[in-house]
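Observations on chain architecture
If you want the building blocks of each chain, they are given just below.
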There are 2 protein chains.
Amino acid sequence: MEKSRLRAAILNAANQNAALVVKNANIVNVFTEEIITGDVAVRDGIILGVGSYTGREEIDAKGAYLVPGLIDGHVHIESSMAHPSRFANVILEQGTTTIIADPHEIANVCGADGIQYMLDQTEWLPLSVFFMLPSCVPCTAFETSGAKLTAKDMEQFLHHPRVAGLGEVMDYVATISGDGEMLDKLELFRGRPVDGHAPLLTGDLLNAYCVAGPHTDHECSNYQEVLEKLRSGMRIHLRIGSANRGIEEVMKKIAEHRLPTRRMMFCTDDKHLENIREEGHINYILRRAVANGIPAMQAIQMATINAANTYALKGYGAIAPGYRADMVLFDNLRDFNPVMVISGGNVFHPDTDVLLKPDPKIYNSVHLAPRKPDALELRVCGKTPVIRLVPNELLTELDMLEVPSENGLFTPKDGLVKLAVFERHYASGRVGLGILSGMPIKNGAIATTVAHDSHNLIVAGDNDADMFAAIDALEACGGGYAVVSGGKLLARLPLPVAGLMSDAPLSKILSAQQALLKAAAELGVTTSSDPFITLSFVALPVIPSVRLTDMGVFDVTNMAFIDAKRMETGGNL
Amino acid sequence: MEKSRLRAAILNAANQNAALVVKNANIVNVFTEEIITGDVAVRDGIILGVGSYTGREEIDAKGAYLVPGLIDGHVHIESSMAHPSRFANVILEQGTTTIIADPHEIANVCGADGIQYMLDQTEWLPLSVFFMLPSCVPCTAFETSGAKLTAKDMEQFLHHPRVAGLGEVMDYVATISGDGEMLDKLELFRGRPVDGHAPLLTGDLLNAYCVAGPHTDHECSNYQEVLEKLRSGMRIHLRIGSANRGIEEVMKKIAEHRLPTRRMMFCTDDKHLENIREEGHINYILRRAVANGIPAMQAIQMATINAANTYALKGYGAIAPGYRADMVLFDNLRDFNPVMVISGGNVFHPDTDVLLKPDPKIYNSVHLAPRKPDALELRVCGKTPVIRLVPNELLTELDMLEVPSENGLFTPKDGLVKLAVFERHYASGRVGLGILSGMPIKNGAIATTVAHDSHNLIVAGDNDADMFAAIDALEACGGGYAVVSGGKLLARLPLPVAGLMSDAPLSKILSAQQALLKAAAELGVTTSSDPFITLSFVALPVIPSVRLTDMGVFDVTNMAFIDAKRMETGGNL
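Treat the numbers as computed from the prediction; the structure is a model and nothing was measured. (Residues numbered from 1 in each chain as written. Chains lettered and ligands numbered in written order. Predicted model: local features only at pLDDT ≥ 70, side-chain atom pairs only at ≥ 80, totals over all residues. Heavy atoms only, no water.)

**Overview of the overall build of chain A**
Note the following rule: The way it works is that DSSP assigns letters per residue, a run of H or I at least four long becomes a helix, a run of E at least two long becomes a strand, and they are numbered from the N terminus. All radius of gyration figures rest on C-alpha atoms, and the globule criterion is 2.2 Å times the number of residues raised to 0.38. When a residue's accessible area, from a 1.4 Å probe over protein chains only, is under 20% of the maximum for its type it is buried; when over 50% it is exposed; and in between it is partly exposed. Two residues qualify as a contact provided that any one of their heavy atoms is within 4.5 Å of a heavy atom in the partner residue. Values of accessible area rely on a 1.4 Å probe in the Shrake-Rupley scheme; residue burial ignores everything except the protein chains shown. Here the positive residues are Lys and Arg and the negative ones are Asp and Glu; neither His nor the chain ends is included. Just so you know, the charge point we use is NZ for Lys, CZ for Arg, CG for Asp and CD for Glu.
Looking only at helices and strands, one finds 18 helices and 29 strands in chain A. Relative to a compact globule of 573 residues, whose C-alpha radius of gyration would be 25 Å, chain A shows 25 Å and is just as compact. Taken over the C-alpha atoms alone, chain A extends approximately 85 × 50 × 45 Å along its principal axes. Counting all 573 residues of chain A, 64% fall into the buried class. Contacts in chain A between residues at least 24 apart in sequence constitute 68% of all its contacts with a sequence separation of at least 6. On chain A, roughly 20,000 Å² of surface is accessible, and the fraction owed to carbon and sulfur atoms is 50%. Computing the positive centroid from 50 side-chain charges and the negative centroid from 67, chain A places the two 3 Å apart.

**Looking at the relation of the copies chain A and chain B**
As a reminder of what qualifies: Only residues with pLDDT of at least 70 in both copies contribute their C-alpha atoms to the least-squares superposition of the copies.
Superposition of chain A onto chain B requires a rotation of 180° combined with a translation of 0.0 Å along the rotation axis, giving an RMSD of 0.1 Å. Within this description, the copies of the chain are treated as partners about a two-fold rotation axis. When the interface residues of chain A are mapped onto chain B, 100% of them again lie at the interface, so the same face is used by both copies.

**Some points on the interface of chain A and chain B**
Stated precisely, the cut-off is as follows: Using a 1.4 Å probe, buried area is obtained as the accessible area two parts lose upon being combined, added over both of them. Criterion for a salt bridge: a side-chain nitrogen of Lys or Arg within 4 Å of a carboxyl oxygen of Asp or Glu. Counting of polar contacts relies on pairs of N or O atoms within 3.5 Å, with two restrictions inside protein: one atom must be capable of donating a hydrogen and the other of accepting it, and residues adjacent in sequence are counted only when both atoms are side-chain atoms. Under the scheme applied, nonpolar residues are Ala, Val, Leu, Ile, Met, Phe, Trp, Tyr, Cys and Pro; charged residues are Asp, Glu, Lys and Arg; polar residues are all the others, including Gly.
Contacts between the two partners involve 61 residues from chain A and, on the opposite side, 61 residues from chain B. Of the roughly 4,800 Å² buried at the junction of chain A and chain B (both faces included), carbon and sulfur atoms supply 56%. Residue B:Asp184 pairs with A:Lys3 through a salt bridge whose shortest N-O separation is 2.8 Å. Where chain A touches chain B, the interface holds 20 residue pairs in polar contact (both at pLDDT 80 or more). Listed by contribution, the elements that provide at least two residues to the side of chain A that touches chain B are α1 (3–14), β2 (34–43), β3 (46–51), α6 (172–176), α7 (180–188), α8 (203–212), α9 (223–231) and α14 (305–310) of chain A. Top element by residues in the side of chain A that touches chain B is α1(A). It accounts for 8 residues. Taken together, the residues that form the side of chain A that touches chain B break down as 27 nonpolar, 18 polar and 16 charged.

**Quick look at helix α4 (residues 112–121) of chain B**
Regarding α4(B), the residues found buried are B:Gly114, B:Ile115, B:Tyr117, B:Met118, B:Leu119 and B:Gln121. Contact partners of the buried residues in α4(B): α2 (84–92), α3 (104–110), β8 (128–133) and α15 (360–363) of chain B.

**A few points about the packing of α7(A) against helix α1 (residues 3–14) of chain B**
So the rule is basically this: Simply put, an axis is a line fit to the C-alpha atoms, just over the touching stretch for a helix, and the angle between two N-to-C directions goes from 0 to 180 degrees. Roughly parallel here means an angle under 35 degrees, roughly antiparallel means over 145, roughly perpendicular means 65 to 115, and every remaining angle is called oblique. Handedness of a crossing follows from how the near helix is turned relative to the far one, being left-handed for an anticlockwise turn of less than a right angle and right-handed for a clockwise one.
Where α7(A) meets α1(B), the axes come as close as 10 Å, and the angle between the chain directions of the two elements is 110°. With respect to α1(B), the axis of α7(A) lies roughly perpendicular. Note that α7(A) runs across α1(B); the crossing there is right-handed. For the pair α7(A) and α1(B), contact is made by A:Gly180, A:Leu183, A:Asp184 and A:Glu187 and by B:Lys3, B:Leu6, B:Arg7 and B:Ile10, respectively. Across the contact of α7(A) with α1(B), the residue classes tally to 3 nonpolar, 1 polar and 4 charged.

**A closer look at helix α10 (residues 247–257) of chain A**
Residues and elements named next belong to chain A. To keep it simple, the criterion reads: Taken from the helix axis, the directions to the C-beta atoms give the arc we talk about.
When α10 is considered as a whole, its buried residues turn out to be Ile-247, Glu-248, Val-250, Met-251 and Ile-254. Looking straight down α10, one finds its buried side chains confined to an arc of 155°; they lie on one side. Lining the buried residues of α10 we find α9, β12 (235–239), β13 (264–267) and α12 (282–291). Positive phi shows up at Arg-258, right after α10, with a value of about 50°.

**Looking at the side chain of B:Asp550**
Residue and element names in this part refer to chain B. Take Asp-550: it is sitting in the loop between β27 (546–549) and β28 (552–555). Residue Asp-550 is classed as buried on the basis of its relative accessible area, which comes to 0%. Side chain to side chain, Asp-550 and Thr-144 meet in a polar contact 2.5 Å long. Beyond its immediate stretch of four places on either side in the chain, Asp-550 contacts Glu-143, Thr-144, Val-421, Glu-423, Arg-430, Val-431, Gly-432 and Asn-456.

**Some words on the pattern of salt bridges**
Per the counting criterion, the structure on display carries 42 salt bridges over all chains. Salt-bridge contacts for A:Arg324 lead to A:Asp326; the nearest nitrogen and oxygen are separated by 3.0 Å. Across the pair B:Glu522 and B:Lys518 runs a salt bridge whose closest N-O atoms are separated by 3.8 Å. Of this pair, B:Glu522 and B:Lys518 both sit in helix α17 (residues 506–522), 4 residues apart, roughly one helical turn. Here B:Glu522 falls in the exposed class, since its relative accessible area comes to 53%. Accessibility expressed as a relative area gives 58% for B:Lys518, which makes it exposed. When salt bridges with common partners are traced through the structure, they connect A:Asp217, A:Glu225 and A:Lys229 into a single cluster.

**Structural notes on unusual backbone geometry**
Cis geometry is found at the peptide bond from A:Pro544 to A:Ser545, where omega equals -5°. Of the consecutive residues B:His452 and B:Asp453, the connecting peptide bond is found in the cis state with omega at -15°. Its place among the elements puts B:Asp453 in the loop between β23 (445–448) and β24 (457–461). For A:Asp44, which is not a glycine, the phi torsion comes out positive at approximately 50°. Structurally, A:Asp44 can be placed in the loop between β2 and β3.

**Topic: the sheet that holds β28(B)**
Residues and elements named next belong to chain B. Going by this rule: By this definition, two strands are paired if DSSP reports at least two bridges between them.
Read from one edge of the open sheet, 3 strands run β27-β28-β29, paired in antiparallel fashion. The open sheet has two edge strands, β27 and β29 (560–561), and neither has a second partner. Where β28 meets β29, 2 bridges bridge the pair, whose relative direction is antiparallel. Across the sheet, Asp-555 pairs through a bridge with Ala-560, a residue of β29.

**A closer look at the confidence of the model for chain A**
Residues and elements named next belong to chain A. Condition: pLDDT expresses how confident the predictor is about each individual residue, on a scale running from 0 to 100.
Scored by pLDDT, chain A has a mean of 94; 98% of the residues are at 70 or more. Here residues 564–573 scores under 50 on pLDDT; set against residues more than four positions off or in separate chains, the count is 22 contacts. This prediction of the complex comes with two scores: 0.93 for pTM and 0.91 for ipTM.

**Describing the sheet that holds strand β25 (residues 480–485) of chain B**
Residue and element names in this part refer to chain B. Here we have 8 strands laid out as an open sheet, ordered β18-β17-β22-β21-β24-β23-β25-β26, and mixed in their pairing. In this open sheet, the two strands that pair with only one neighbour each are β18 (396–402) and β26 (488–494). Going from strand to strand, the sheet's axes swing by 25° on average, the running direction of each strand aside. Pairing between β25 and β26: 6 bridges, direction antiparallel. Residue pairing across strands places Ala-482 opposite Arg-492, the latter belonging to β26.

**Here we look at the packing of aromatic side chains**
The criterion, for reference: Two aromatic rings, drawn from Phe, Tyr or Trp (for Trp, its six-membered ring), form a pair once their centres lie within 6.5 Å of each other, and the interplanar angle then sorts them: stacked below 30 degrees, edge-to-face above 60, tilted otherwise.
Applying the stated criterion across every chain, the model contains 14 aromatic pairs over all chains. Ring geometry for A:Phe130 versus A:Tyr316: centroids 5.3 Å apart, planes at 85°, classification edge-to-face. You can see A:Phe130 sitting in strand β8 (residues 128–133) and its partner A:Tyr316 sitting in the loop between α14 and β14 (327–330), a full 186 residues away along the chain. Like A:Tyr316, A:Phe130 is buried. Taking the centre distance of 5.6 Å and the plane angle of 85° together, the rings of B:Tyr481 and B:Phe532 count as edge-to-face. You can see B:Tyr481 sitting in strand β25 and its partner B:Phe532 sitting in helix α18 (residues 531–537), a full 51 residues away along the chain. Of the two residues, B:Tyr481 and B:Phe532, both sit in the buried class. Clustering of aromatic rings is evident, with ring pairs tying together A:Phe142, A:Phe554 and A:Phe561.

**Remarks on the pairing of strand β1 (residues 20–29) of chain B**
Residues and elements named next belong to chain B. Counting buried positions along β1 yields 9 of 10 residues, so the element is predominantly enclosed. Across 4 bridges, the pairing between β1 and strand β4 (residues 57–60) is parallel. In the strand pairing of β4, Lys-23 is matched with Asp-60. Between β1 and the antiparallel strand that follows it, strand β2 (residues 34–43), lie 4 residues; Glu-33 among them carries a positive phi value of about 60°.

Now the structure itself:
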């Protein structure tokens, strides 16, 4: 805040010079754990005080509960596929007024430009967006990402007022073996918040990871893991996104054992728009926490001040003088359905205009080489590796099978489809080819440029012509999702922003998603969960046990390509 | 920590490669609020982990309680009159391993040089010393301090790794009226810790103060004040120094009302060496907190992790992997008498060598003009202002009396002594003269260069010759305390470091203090408390109700000099 604004705020507080007053509220004080009946005075986006006030504009809370604006401690905006500005509106409606975002996905496509884009697009939103700088771009060396982000590349963002720290340190192997590049990044952020990501890490290796620096974890899946990580000094995010619902059992045990919650907070990580609209966002986690026995006051602290403290956000997470006027009115502390949301001193309306700032660098991210006619020819001989999807999981298994072929070339049938990952950042022409089971496709192909974490173009189909047509359809619209059958484009969701996000209104995104699911069903695609999400994770070489990248079929367990020769398919960088 | 050390620490943790192991301890975990039986592994000053370990050196704790090293959240080292290195040894012996120091006193004498001196002298101590940069130098415009410290002057220290934030914002009047120079300092530290100092501030004015930025307070003297300030978002220091013992009643009420303590911590502010050695330091506050009903676990959190969190000290305040190996062994959690203190991985021994780094800029701080023969002549006529000491308080009252005189000049008698403050920073020759009651002195004078907060030379006596002799005695030794009678120097404590601190061993300081008290008694000096401490506060123009500065007799209540003409006594700057 500049000096003149600060002076005005000081004098306004001293003189009870309020603009907006929320009257007759039951105000939740997260510091003293009290509920105080009174008024809250606001001016210029700042809370002036709690007490007895009059103002130009008054809102009668009629005894409803006034809670600090909710904070999502860890989220990837890109996973919503919506532009940040539209994403903001969806979660503001649920009472989330601040998020700690990790632009890991767009950084893997666009590097520093992607981070700058996210900073620019979130500059003037009614949502407060802080960023953790992605620590693992690329995620691994076994695929071609659109960018590499070194400690040196990060320096330009280090002192941005909305950069809060270093993003989730996923590569724990590099971290606990003291890898030089990782240590450079950790050193760059020494003394500042550093997010961890260490599922099931325990004992000496967890100690080594903590010594290295990461001091949060959002991957805990059982109570014992929460307990050990808390003891080790980590702060814990309890996560409920679209997947990963196991945390409710953990909540029960936290309540039962009265485990201190001051170092716990909430996050969604990845949650789809339709899920958010159906059940809620951080307010949903609040509701589940209370339902599972955590006292409402503690749960509210977790949803507000605890996250603000973790990320050193001064002036966020409480209703107190000098704090940002982010507040949510709830009619009870059980359901957490917002009656009204106030962000930066303004009452939020769901039809708030969105702010789009087109940026050509980000809108032009799909760079494919011209396809060679034989680019999809997969030569097989004897037992061939097949990637088998495990129902209801992102996990895959490796099968070694005799597969159908003609003239030595794989011919999709019997539930086996062809899979290809086209490098799409440098137009190198590099293609990784493989075989997928567990996602039958008949007379068609589905494709997407959302392919974690390097976000190359992944396509699956039962014939090369439709696979090529699906690739063409995505190339034409700057990326997204597409379904093709018999040469015809059945459905498409364009995601022109880095090939990851739409700039269209939510209604268009949601109806395109419906159309995609319908088209996939026409091709006979049956998977236990959303086939598009499933496909988006088939290329991620850090989830067991076998993946396809643009470099070939990759054995995650042994950290090696299964057939080194496949790496030579296609061109070179 | 540089990269190679960090890598070594990571690998040592992963491989259980410990140097020192504290075995069989009951380890207090301040995160989970558990006591865990086990071993703590240490190497290169860092905790590697808690579990089951062997090491080159092993200490058998035999079931004693291992607590994180204690933290003093707010202290002025200068008030101990000992060199920082010797002060460190005294408090380390009591289990305090980290302090947040405010070099307000030396900065008022030596400015930025004084701050640099304190940074230099504390660089290699076994005590971790962090600094808050003094925000109020000078304290007021009604006296001549040795330096003025603007926001611009502070910039050079802003990114020093041991500068934690902005020191106590004492001038709350300037703050809540939006004074430009104060706002510049607050802006400079925006987002970082800023200590407050706002005794009894309440309501709208407290709100305005919080909006301005300070977010701690160590001046609370009653429970209601603690509650209101906590609600307003301030973090609270419970202080027990040499004075200010009222906080025990507050502790009782905190326990009774179960007020959440996560935003409370402990501090001493000013505590004399002999008091520390007699009863303890932060461990004494711990003992009193537990005796007054606060659960031991909460009290320990207040003495450790809560303070570390307030000042954003990563790696301090807990026993966990990656934390600095600062630990104290107590045989019970009631008395808190340390059995052993470990600082930075080393067992502390009370006879640890001190580190002195002489600095000529700091050792030569007493600059007096040659005294004019008539410098102490106080012309009186009719009712004259007399500064009356209030027994057992630092407060004073103003009396207007007919005083004894000869030829129009005041002659000390009947319990009235002459008082003078000599400007000692710029050799201006400026002298403020006054009359003091409540400290009878017979046939002599006492003088000191410790005169809060500007630390000019203050002298009191019943005859001019001894007063001049006492001044000479202090000028000769670079400042300190002196007692003179009949032209003879009876006792002297030289404080050559800025005229505030000794560089001598503690035993010498303590024996000189004894000699001073004895000499004062010989002069018939009887005050309710230590006459030297009393004299040191007679010049402080922010404590009611009347003071003497080098500019004259000052009415604190009305913020004005009582006799403007007195300001013209002596020379000009």
